[in-house]
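So you can see what is in the structure, the chains are spelled out below.
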Amino acid sequence: MNVILIGPPGSGKGTQANKLASSLNVPSVSSGDLFREHKQSGSELGNKAAEYMSKGELVPDEITVNMVIDWIKSKKQAGGFLLDGFPRTLSQAKSLDAYIKPKSSIDIVLYIKVRTKELVNRLAGRFFCTSCGASYHIEFAPPKLANVCDHCESKLMQRDDDKPNIVMKRIYVYESETSPLINYYQKQSILKEIDGEESIDIVSQNLQTATIRNPIH
Ligand code: AMP
């Protein structure tokens, strides 16, 4: 099964992608995570991507599309995939279609909907452990000790692009560049909308139900 997860920054895509991929038994990838890994390793691609990420802008399509298609190629034997955060522009969606068709197709696009006001609260309070990667939220999932990871006692940090002015830019970019994809996939009758303001468990349940009800091509 080939699945795409779309949603604004802060809609919980990352958390849900991991749960859904393991229940569907397909590999998943977050384009944002791929960029962060490249950045961490100091690769040329990572340095280039970092210039855009730090400003809350999208990395150019030609860099992004090749990176994600290489990942899909590497998982060819898996019989399906879940993409989190890709595609994010119409041009990326068309490139993805051109690559996978006619042999395969996208089975379902799950759109996690969350109001803008709620997104700002969620993103601005988000922290992660610099060592084990565990995530926290000042309000919804605080660590036992301020700024210290419950699991490995390392320091907690905020993603650079979760700082308030960058958050607003990312939401603006999502609305202008990514939201047209909703219409694109709706026209193909493969889009399902999920209320992302429910609890994590309910959203997860609803995402799974949406995939079960959709017949596999
Ligand atoms: P995310 O972790 O999904 O919030 O992505 C973090 C950042 O990575 C975004 O703000 C963009 O700068 C970049 N990025 C991730 N996915 C894409 C994509 N599909 N197209 C362009 N840029 C992306």
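Data block above holds the structure.
Residues numbered from 1 in each chain as written. Predicted model: local features only at pLDDT ≥ 70, side-chain atom pairs only at ≥ 80, totals over all residues. Heavy atoms only, no water.

Undergrad: Talk me through the environment of L191; I want residue IDs and the actual numbers.
TA: By the element assignment, L191 lies in strand β8 (residues 191–195). Judged by its relative accessible area of 17%, L191 is buried. (Helix = DSSP H or I, 4+ residues; strand = E, 2+ residues; numbered from the N terminus. Buried < 20%, exposed > 50% of the residue type's maximum accessible area, 1.4 Å probe, protein only.)

Undergrad: Help me get a handle on the site of the ligand, residues and values and all.
TA: Neighbouring the ligand are 16 residues; S31, R36, E57, G85 and Q92 lie closest to it. Taking R36, its side chain carries an N or O atom lying 2.8 Å from an oxygen atom of the ligand. Calculation on the ligand without its partners gives an accessible area of 480 Å², and the protein chains cover 96% of this total. For the shell around the ligand, the element with the most residues is helix α2 (residues 31–41), which contributes four residues. Split by residue class, the shell around the ligand holds five nonpolar, five polar and six charged. (Near = heavy atom within 4 Å. Polar contact = N/O pair within 3.5 Å; in protein donor to acceptor, adjacent residues only side chain to side chain. Areas by Shrake-Rupley, 256 points an atom, 1.4 Å probe, with all protein chains shown as cover. Nonpolar A, V, L, I, M, F, W, Y, C, P; charged D, E, K, R; others polar.)

Undergrad: So what's going on with unusual backbone geometry? Which residues, and what values?
TA: The omega torsion of the bond from F86 to P87 falls at 0 degrees, within 30 degrees of zero and hence cis. Tracing the sequence through the fold places P87 in the loop between β3 (81–84) and α5 (90–100). Along the chain, K101 connects to P102 via a cis peptide bond; the corresponding omega equals 0 degrees. Turning to its location among the elements, P102 is positioned in the loop between α5 and β4 (108–113). Although it is not a glycine, N147 sits at a positive phi angle of roughly 65 degrees.

None of the figures reported here should be taken as evidence of function without further support.
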